[in-house]
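Inside the fold
So you can see what is in the structure, the chains are spelled out below.
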Amino acid sequence: QVQLVESGGGLVQAGGSLRLSCAASGRTFSSYAMGWFRQAPGKEREFVAAISWNGGRTSYTDSVKGRFTISRDNAKNTVYLQMNSLKPEDTAVYYCAADHTGLYRSNLGSREVEYDYWGQGTQVTVSS
């Protein structure tokens with residue numbers, strides 16, 4: 001069982017930056033692929049970024065490429081999402097998720113069903 005706790009959300013002006021953190025409990029964090037998803041008001045939850053168990057591979061949805069960076073520190077059981085050049089359309093609740101099969105997969109998941117554990121979310125609001 002893994003528990004995930006996000007932090008770092010808040011209110012920021014367009015063009016600003018935020019760094020989200022997701023702290024994980026448990027000794028097997030380093031074997032999990034990790035992902036970030038977001039859900040805007042009235043919309044379905046969508047994939048944002050993912051990172052492999054050792055940080056060697058990353059993937060991003062097109063709308064955040066070049067602006068967001070996912071990273072992880074396995075010694076701290078933490079995954080990060082650095083968000084730069086934020087836009088009002090980035091406003092959403094951001095969730096981190098863990099894929100316990102990450103050590104055995106050759107690809108990074110981008111669908112909710114590919115992730116087993118979820119955090120409670122952190123609100124990011126970007127004002128124009």
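All residue numbers refer to positions counted from 1 along the written sequence of the respective chain. With the structure being a predicted model, the display of local features is reserved for residues of pLDDT at least 70 and the display and counting of side-chain atom pairs for 80 or more, all residues being used for whole-chain, interface and lining totals. Neither water nor hydrogens contribute to the side-chain values; these are computed over all heavy atoms in the structure.

Overview of the environment of Glu114
Helix and strand definitions follow DSSP, with helices as H or I runs of at least four residues and strands as E runs of at least two, each counted in order from the N terminus. Looking at the element boundaries, Glu114 is found in the loop between β9 (92-99) and β10 (117-118). Exposure classes here rest on a 1.4 Å probe applied to the protein chains alone. A residue is buried below 20% of its type maximum, exposed above 50%, and partly exposed in between. According to the relative accessible area criterion, Glu114 is buried, its value standing at 14%. Remark: the alpha-carbon pair of Glu114 and Ala98, spanning 16 residues in sequence, is separated by 8.7 Å. The residues touching Glu114, leaving out its near neighbours within four places in the chain, are Asp99, Arg105, Asn107 and Gly109. In what follows, a contact means two residues having at least one pair of non-hydrogen atoms within 4.5 Å.

Structural notes on the sheet that holds strand β3 (residues 18-24)
Here we have four strands laid out as an open sheet, ordered β1-β3-β8-β7, and antiparallel in their pairing. With partners counted over all chains shown, the strands left at the sheet margins are β1 (4-7) and β7 (68-73), one partner each. Along the sheet, successive strands turn relative to each other by an average axial angle of 15°, direction set aside. Strands qualify as paired when DSSP identifies two bridges or more between them. The sheet contact formed by β7 and strand β8 (residues 78-83) spans six bridges and is antiparallel. Considered in β8, the bridge of Ile70 is made with Leu81. All axes here are fitted lines through C-alpha atoms, helices being fitted over the stretch that makes contact, and every angle between N-to-C directions spans 0 to 180 degrees.

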